[in-house]
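Listed below are the residues making up each chain.
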Amino acid sequence: MADTAKQIHDLSFDFLLYTMRNKQKTAADSAQYITDMLDLYKQYPDAEQIYSSISDAYIAKGMNAEVIKLADERMAKYPDSSLPHVYKAFLLMQDKKYDDAIAEFAKVKEDNSPVFLNSIFNSAVCKYNKASEFNEANSDLRTGRLKPADHEKFMNMLKDAQGDFEKAKELDPEQKTVKWQYLLHNVYTLTDQKDKAAALE
């Protein structure tokens, strides 16, 4: 009975948030939406749907500082909550601050949820992008090759990304949520894992 009551409560919240979100027609409506959501958040501070809706609205308006402030406040009050780390990591990833983004994604609780799946995939993308930028910055302009020590570092960076991509593959084998196949194939190819690359073709 308790589970049923919770499901009804969650569905009611989702419908309320959907209705409020779809009332936005003008810039003034969007500003009012954020104000209304903040008021609702004060009443239900533990509701992750509301927290997420406010963060999404801030991001849509380019209010990144507010996203970070809200995330920090939520982490202080609800240290077991994963979503604040996801939002912070998303913004850090956008700014190409890959190490900081990876650190935030690593704080997301490991489970079978879409939140963790997206986090492990995006962590892999950060690691892949970081490796790609390292390769581009350190390759010889004439030959396009890396020095042996740099090549070893590049391989290790790719293999670090590989682990996260493979975890995403394990959680979402049919790529219904995240598209891991292309980048994982690239990792296998670049690290000369021909059999594994061929298996993805």
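Residues numbered from 1 in each chain as written. Predicted model: local features only at pLDDT ≥ 70, side-chain atom pairs only at ≥ 80, totals over all residues. Heavy atoms only, no water.

The next subject is the pattern of salt bridges. Between side chains of opposite charge, pairing is possible as soon as their charged atoms come close. Under the definition given, this model contains 11 salt bridges. With a closest N to O distance of 2.5 Å, Lys130 and Asp99 form a salt bridge. Here Lys130 is found in helix α7 (residues 114-138), whereas its partner Asp99 is found in helix α6 (residues 98-105), with 31 residues between them in sequence. For Lys194, the salt bridge is made with Asp192, and the minimal N-O distance between the two is 3.9 Å. If you follow the salt bridges from partner to partner, you end up with Glu110, Lys167 and Glu170 in one network. (Salt bridge = Lys/Arg side-chain N within 4 Å of Asp/Glu carboxyl O. Helix = DSSP H or I, 4+ residues; strand = E, 2+ residues; numbered from the N terminus.)

Looking now at the confidence of the model for the chain. Per-residue pLDDT for the chain has a mean of 87; in total, 85% of the residues score no lower than 70. A low-confidence stretch, residues 1-9 stays under pLDDT 50, and its non-local contacts, those more than four residues away or across chains, total 0 contacts. (pLDDT = per-residue confidence, 0-100. Contact = heavy atoms within 4.5 Å.)

What follows deals with the nonpolar core. Among soluble globular proteins, nonpolar side chains are generally buried collectively. Core analysis: the biggest nonpolar cluster contains 34 residues, and Phe165 and Trp180 have the highest contact counts within it. For this core, the secondary-structure elements that each account for two or more residues are α5 (83-94), α6, α7, α8 (148-171) and α9 (181-190). Of the residues forming this core, the biggest block, 10 residues, is contributed by α7. Among the nonpolar cores identified, the runner-up in size contains 18 residues, and Tyr33, Ala47, Val67 and Leu91 belong to it. (Core = buried A, V, L, I, M, F, W, Y, C linked by side-chain atoms within 4.5 Å. Buried < 20%, exposed > 50% of the residue type's maximum accessible area, 1.4 Å probe, protein only.)

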